[in-house]
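Analysis of the macromolecular model
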Amino acid sequence: MKISVIKSDLEHLGTDLLALPFSHDSLKNEAEKTLSTLGLDIQVLKDFKAEAGEVVVLYGGGKKHTPARIALLGVGEGKKLDEWRKAAISFASKAVEMKLEKIAVDCSGIETVAASAGQSVATLAAALVEGCGAGAYRFDRLKSGKLDKKNSTEKKPKKIEELLIRADAGMVEEIEKGVAEGKIVASCQKMARDLVNLPGNYLQAEDISKGAVESGKKHGYDVTVFHKKEIESLGMGGLLAVNKGSVHPPTFTVLDYKPKGETKLVVALVGKGVTFDSGGISLKPSENMGEMKSDMSGAASVLGTLEAVARLGLPLHVIGLIPATDNMPSGTAQTPGDVITTYSGITVEVGNTDAEGRLILADALTYAKEKYKPDVIIDVATLTGACIVALGYPVAGLFSNNDKLAEEIFQAGQQTGEKVWRLPLWEVYDEQIKSDVADVNNTGGRGAGSVTAAKFLEKFIDGHEKWAHIDIAGPSFLPKSSGKVSGGTGFGVSLLVEVLKKWC
Ligand code: BES
Ligand code: ZN
Ligand code: ZN
């Protein structure tokens, strides 16, 4: 999507749909006048409430050059970035449904709005662009179009080609700065969503690694891929155990972004890359099993975040670590009761082969701590169904052994709308993952499934004092029944970029 910032009066804006954002306040104070000036019927204001994300499309502006369609766009109180992002998502999504090609948002007066929201104009513009990118996203690369109706004479565009942002003269530069940033985050989020949406027969461990190598080449960061032989030499017993049932070799990908100048912090980001999780010998029920193609969402967010960090040129040393494999049943697969030795040397009784994510993350966490001595470690994983039971689809579970880090991630969630809620890591939960035969069991029984999973991971950070685990099982993938655009969401990219930006 091409994005341009322009100074133009409303009447000369060549666009298929122009959005006029209204907050509750501006709805009260300005809407009547604005609509009358454009020759539009003010009766619509009986129903339009300017709730964040509310869109009403109006036709028939009386003036000669008024855009053919005007969208009243609600931003709620208009005081939170999240409201603007939500509004932008609805707006772009509506435009895609209407098959429109060129859309515009009126950002005159953005300075006042930004001031009342306590944000810079650039940040607000970035949120708008990010939202438009997210709302315009559709996953259609596996559609051939062969069954589409042939008799339709009208060739409708499939996607939005251009977004115009109408700005006051003095604001153009500042808005352009925000647009540039928003475009980067939106494009990295799109990459993450594409990876999540690709099914197992299109995306195996090697493909994740290839994607990382390509991104590294293009955006100037180092990528090293460990293949099966090297993973064996390193003794990554968790990753190898999960891979035992597969015909596809595992990979362990290290993405390493070092800024040119001084580095403020070393941050390790670890992402679960299970390309398809059948459960293994502890096979999952078949209903909705296809959604488990999204079990590499953590890997996708880490890859998306690394690319974004490199393109934004943040002054941090950021390392991404992605253990990847599928989890399949077969005669060679690991079986419940097996005892494996992880990279750390810690032995694990495999109580359930479906608790595979923690096995591959265990190796990656220890490797991250040992090799890079990072100041901070954050892992992102679609780790437990129990997290969806606890917090539902919209919110991720957050676990951390550091209150300050937990608060920073929580605040970033509030800013970006990628919400997280902290759950405890109390010692009492250790009882549930004790094993009679090994150092620890990979399952913890019925209660507090996401906590026992996090307690398991904690054993592999080797006493690191600034670690967080984000369980994105809920928000990484929206089921078809959610009423929104289903599939991968790219959850984590915006959140992690926000956390990292705050540390710069
Ligand atoms: N990948 C799943 C978790 C998951 C479930 C993600 C639903 C997204 C949606 C994970 O590997 C898993 O299967 N976890 C088990 C753990 C259990 C066997 C201890 C679970 O949550 O049921
Ligand atoms: Zn599983
Ligand atoms: Zn899994």
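Residues numbered from 1 in each chain as written. Chains lettered and ligands numbered in written order. Predicted model: local features only at pLDDT ≥ 70, side-chain atom pairs only at ≥ 80, totals over all residues. Heavy atoms only, no water.

1. Regarding the sheet that holds strand 13 (residues 347-349)
What counts here: Note on pairing: DSSP must find at least two bridges between two strands before they are called paired. Comment: elements are numbered from the N terminus, with helices defined as DSSP H or I runs of at least four residues and strands as E runs of at least two.
What the three strands build is an open sheet, ordered 12-13-17; its pairing is mixed. Where the open sheet ends on each side, the last strands, each with one partner, are strand 12 (339-341) and strand 17 (440-441). Here three bridges tie strand 12 to strand 13, and the two strands are oriented antiparallel to one another. By the bridge assignment for strand 13, Ile340 is matched with Val348.

2. So, the nonpolar core
One broad rule of soluble globular proteins: the nonpolar side chains tend to lie buried together. Operational definition: To form a nonpolar core, buried Ala, Val, Leu, Ile, Met, Phe, Trp, Tyr and Cys residues must be joined to one another through side-chain atoms within 4.5 Å. Working definition: with a 1.4 Å probe on protein chains only, accessible area under 20% of the residue-type maximum means buried, over 50% means exposed, and in between means partly exposed. By the convention used here, residues are in contact when the closest approach between their heavy atoms is within 4.5 Å.
Membership of the largest hydrophobic core comes to 53 residues, with the highest contact counts inside it found for Leu269, Ile378, Ile409, Ile470 and Trp503. The greatest single-element share of this core, amounting to eight residues, is contributed by helix 10 (residues 297-312). Sequence-distant contacts of Ile409, defined by excluding residues within four places in its chain, comprise Ile378, Leu398, Val420, Ala468, Ile470, Leu495 and Val499. Ala241, Ile340, Val350 and Leu383 belong to the second largest nonpolar core, which has 45 residues in total.

3. Some words on the coordination of the zinc ion (ligand 3)
Using the following cut-off: The donor definition counts N, O and S atoms within 2.8 Å of each metal and applies 3.2 Å to Na, K and Ca; water is not among these atoms, so some sites may look incomplete. Geometry is assigned from the angles between donors: four donors with all angles from 85 to 135 degrees make a tetrahedral site, four or six donors whose opposite pairs exceed 155 degrees while the rest stay between 65 and 115 make square planar or octahedral sites respectively, and everything else is labelled irregular.
The protein atoms donating to the zinc ion (ligand 3) are Lys272 (NZ), Asp277 (OD), Asp295 (OD) and Glu356 (OE), with metal-donor distances spanning 2.0 to 2.4 Å. Taken together, the six donor atoms coordinating the zinc ion (ligand 3) and their angles of 78 to 174° define a geometry best described as octahedral. Taken in chain order, the donor set of the zinc ion (ligand 3) reads K-x4-D-x17-D-x60-E.

4. Focus: the site of ligand 1
Let me state the cut-off plainly: Being near a molecule or strand, for a residue, comes down to having at least one heavy atom within 4 Å of it. Pairing of N or O atoms within 3.5 Å defines a polar contact, subject to two protein rules: one partner must be a possible hydrogen donor and the other a possible acceptor, and residues neighboring in sequence count only if both atoms are side-chain atoms. For the area figures, the Shrake-Rupley method with a 1.4 Å probe applies, and any residue is considered shielded solely by the protein chains shown.
Lining the immediate environment of ligand 1, one finds 16 residues, of which Lys284, Asp295, Asp354, Glu356 and Gly385 sit closest. The contact in question runs from a nitrogen atom of ligand 1 to an N or O atom on the side chain of Asp295, over 2.9 Å. In isolation ligand 1 offers 520 Å² of accessible surface; the protein chains occlude 78% of this area.

5. Details of the coordination of the zinc ion (ligand 2)
Every protein donor of the zinc ion (ligand 2) is accounted for by Asp277 (OD), Asp354 (O), Asp354 (OD) and Glu356 (OE), and the metal-donor separations fall at 2.0 to 2.2 Å. Each of the six donor atoms around the zinc ion (ligand 2) contributes to a set of angles spanning 72 to 167°, which defines the coordination as irregular.

6. Section: the domain arrangement of the protein
Put simply, the test is: Where each domain starts and ends follows an automatic or database-derived domain assignment. Accessible area, probed at 1.4 Å, shrinks when two parts are joined; the buried area is that loss added up over both. Salt bridge criterion: a side-chain nitrogen from Lys or Arg within 4 Å of a carboxyl oxygen from Asp or Glu.
According to the domain assignment, the protein contains domain 1 (2-169) and domain 2 (188-502). Between the C-alpha centres of domain 1 and domain 2 there is a distance of 36 Å. On the domain 2 side, the residues contacting the 12 residues of domain 1 number 15 residues. Overall, the association of domain 1 and domain 2 removes approximately 1,100 Å² of surface from exposure, summing both partners, and the carbon and sulfur fraction of that is 49%. Two residues, Lys419 and Asp82, come together in a salt bridge whose shortest N-O distance is 3.1 Å.

7. Remarks on the pattern of salt bridges
On inspection of all chains with the given rule, the structure shows 20 salt bridges. The shortest N-O distance in the salt bridge between Glu130 and Arg85 comes to 3.3 Å. Separated by 45 residues along the polypeptide, Glu130 in helix 5 (residues 121-136) and Arg85 in helix 3 (residues 81-97) bring together distant segments of the chain. Here Arg85 falls in the buried class, since its relative accessible area comes to 9%.

8. As for the environment of Tyr343
The residue Tyr343 is located in the loop between strand 12 and strand 13 in this model. In sequence terms Tyr343 and Met236 are 107 residues apart; their C-alpha atoms lie 4.5 Å from each other.

9. Focus on the packing of helix 7 (residues 205-219) against helix 10
To be explicit about the condition: Where helices are involved, their axes are fitted lines through C-alpha atoms of the stretch in contact, as for all axes, and angles between N-to-C directions lie from 0 to 180°. By the definition adopted for this analysis, an angle is roughly parallel if under 35 degrees, roughly antiparallel if over 145, roughly perpendicular if from 65 to 115, and oblique otherwise. Amino acid classes used here: Ala, Val, Leu, Ile, Met, Phe, Trp, Tyr, Cys and Pro are nonpolar; Asp, Glu, Lys and Arg are charged; the rest, including Gly, are polar.
Their axes nearest at 10 Å, the elements helix 7 and helix 10 cross at an angle of 5°. Judged by the inter-axis angle, helix 7 sits roughly parallel to helix 10. Facing helix 7, whose interface residues are Ile208, Gly211, Ala212, Ser215 and His219, helix 10 presents Leu303, Glu307, Ala310 and Arg311. When grouped by side-chain class, the residues that make up the contact of helix 7 with helix 10 number four nonpolar, three polar and two charged.

10. Looking at the pairing of strand 10 (residues 273-277)
Summarising burial for strand 10: five of the five residues are buried, a large majority. Alignment of strand 10 against strand 11 (residues 317-327), held across three bridges, turns out to be parallel. Directly across from Val274, in strand 11, lies its bridge partner Thr325.

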